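Residues per chain are reported as follows:
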Amino acid sequence: MKKYVAERVFSLFLMAIAASAYWQTLALPQSRTGLVTGPAFFPRWLSILLFFCSAVPLVKSVLRPSKDAETPIVSSYWVLGKLALFFVLVAAALLLIPYSGWFLAQFLLVVALELILENRSWPRALIISGASVCVIYLIFEMGLNIRLPRGLFE
């Protein structure tokens with residue numbers, strides 16, 4: 001696949017996600033005061049921003065294609081394999097969350113990513129995984145008071 005085709009397809013994909021997100025914000029309740037603020041304010045503007053930020057590369061690739069636009073997007077099958085493995089690991093973590101809870105699934109996902117895709121040592125992978133789980137815990141549980149899924153441990 002050529003680079004310009006990949007850029008255009010990905011831009012259209014992100015624009016479709018943004019349009020879908022905007023459509024879903026229409027179902028959110030409106031503010032009681034009648035102003036534009038309310039539960040839909042942030043997601044609505046974020047979807048508009050995503051739409052326009054995705055449209056810029058699309059328009060740019062059509063109007064002014066770069067010199068390397070004809071080059072292949074992927075240099076080898078190993079890159080595609082790593083990308084596919086990444087998505088398989090993320091899917092496995094998502095399937096694991098209802099049973100193990102978010103913390104263990106996130107920890108195992110980051111360990112697998114660090115060991116397999118980043119070729120890190122076991123101690124470093126465990127430290128990075130533990131740190132990532134702690135940071136996310138502090139942000140969501142302590143800072144935002146949002147309880148993350150506990151799985152069977154609830």
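For the structure given in this document, a descriptive report is provided here. The structure displayed is predicted, hence computed values, not measured ones.

**Structural notes on the environment of glutamine 106**
Inference 1: Looking at the element boundaries, glutamine 106 is found in helix α4 (residues 102-117).
Inference 2: We classify glutamine 106 as buried; its relative accessible area is 18%.
Inference 3: In this structure the C-alpha to C-alpha distance between glutamine 106 and leucine 94, which are 12 residues apart in sequence, comes to 8.9 Å.
Inference 4: Non-local contacts of glutamine 106, meaning those with residues more than four positions away in its chain, are made with Ser132 and Val133.

**With respect to the nonpolar core**
Inference 1: With 6 residues, the main nonpolar core is built from Leu89, Ala93, Leu109, Ala112, Leu113 and Leu117.
Inference 2: Looking at this core, the element that brings in the most residues is α4, giving 4 residues.
Inference 3: When sequence neighbours within four positions are dropped, the list of residues in contact with alanine 93 reads Ala105 and Leu109.

**Thoughts on the side chain of arginine 44**
Inference 1: Note on placement: arginine 44 falls in helix α2 (residues 41-63).
Inference 2: Non-local contacts of arginine 44, meaning those with residues more than four positions away in its chain, are made with Tyr22, Thr25, Leu26 and Gln30.

**Considering a nonpolar patch on the surface**
Inference 1: Together, Phe41, Phe42, Trp45, Leu46 and Leu49 make up a nonpolar patch on the protein surface, roughly 560 Å² of accessible area in all.
Inference 2: Mapped onto the secondary structure, phenylalanine 42 falls in helix α2.
Inference 3: We classify phenylalanine 42 as exposed; its relative accessible area is 59%.

**Here's the deal with the packing of helix α1 (residues 3-25) against α2**
Inference 1: It is at 8 Å that the axes of α1 and α2 come closest, and there the two elements cross at 160 degrees. Between α1 and α2, the crossing angle belongs to the class labelled roughly antiparallel. Of the two elements, α1 crosses α2, and the hand of that crossing is left-handed. From α1, Glu7, Arg8, Ser11, Leu12, Leu14, Met15, Ile17, Ala18, Ala21, Tyr22 and Thr25 reach across to α2, where they touch Pro43, Arg44, Ser47, Ile48, Leu50, Phe51, Ser54, Ala55, Pro57, Leu58, Ser61 and Val62.

**Overview of the packing of α4 against helix α5 (residues 122-143)**
Inference 1: Viewed as axis vectors pointing N to C, α4 and α5 meet at an angle of 145 degrees, and their least axial separation amounts to 8 Å. With respect to the hand of their crossing, α4 and α5 are arranged in right-handed fashion. For the pair α4 and α5, contact is made by Trp102, Phe103, Gln106, Phe107, Val110, Val111, Glu114 and Leu115 and by Trp122, Ala125, Leu126, Ile128, Ser129, Gly130, Ser132, Val133, Ile136, Tyr137 and Glu141, respectively.
Inference 2: In the contact of α4 with α5, the residues fall into 13 nonpolar, 4 polar and 2 charged.

**A closer look at unusual backbone geometry**
In most cases, non-glycine residues show a negative phi, while peptide bonds are predominantly trans.
Inference 1: Of note in the backbone geometry, asparagine 119 takes a positive phi value of approximately 55 degrees without being a glycine.
Inference 2: Relative to the assigned elements, asparagine 119 resides in the loop between α4 and α5.

**Considering the pattern of salt bridges**
Inference 1: A full pass over the atoms with the stated rule returns 3 salt bridges.
Inference 2: In this structure, the salt-bridge partner of arginine 120 is glutamate 114, at a minimum N-O distance of 2.3 Å.
Inference 3: As a salt-bridge pair, glutamate 141 and arginine 150 come within 2.9 Å of each other at their nearest N and O atoms. Considered together, glutamate 141 and arginine 150 belong to a single accessibility category, that of buried residues.
Inference 4: Counted as one network, the salt bridges with shared partners bring together Glu114, Glu118 and Arg120.

Here is what the cut-offs are and how they apply
Residues numbered from 1 in each chain as written. Predicted model: local features only at pLDDT ≥ 70, side-chain atom pairs only at ≥ 80, totals over all residues. Heavy atoms only, no water. Helix = DSSP H or I, 4+ residues; strand = E, 2+ residues; numbered from the N terminus. Buried < 20%, exposed > 50% of the residue type's maximum accessible area, 1.4 Å probe, protein only. Contact = heavy atoms within 4.5 Å. Core = buried A, V, L, I, M, F, W, Y, C linked by side-chain atoms within 4.5 Å. Patch = residues over 30% accessible without salt bridge, like charges linked within 9 Å, V, L, I, M, F, W, Y side chains within 5 Å. Areas by Shrake-Rupley, 256 points an atom, 1.4 Å probe, with all protein chains shown as cover. Salt bridge = Lys/Arg side-chain N within 4 Å of Asp/Glu carboxyl O. Axes fitted to C-alpha atoms, helices over the stretch in contact; angles between N-to-C directions. Parallel < 35°, antiparallel > 145°, perpendicular 65-115°, else oblique. Left-handed = near helix turned anticlockwise from the far one by under 90°. Nonpolar A, V, L, I, M, F, W, Y, C, P; charged D, E, K, R; others polar.

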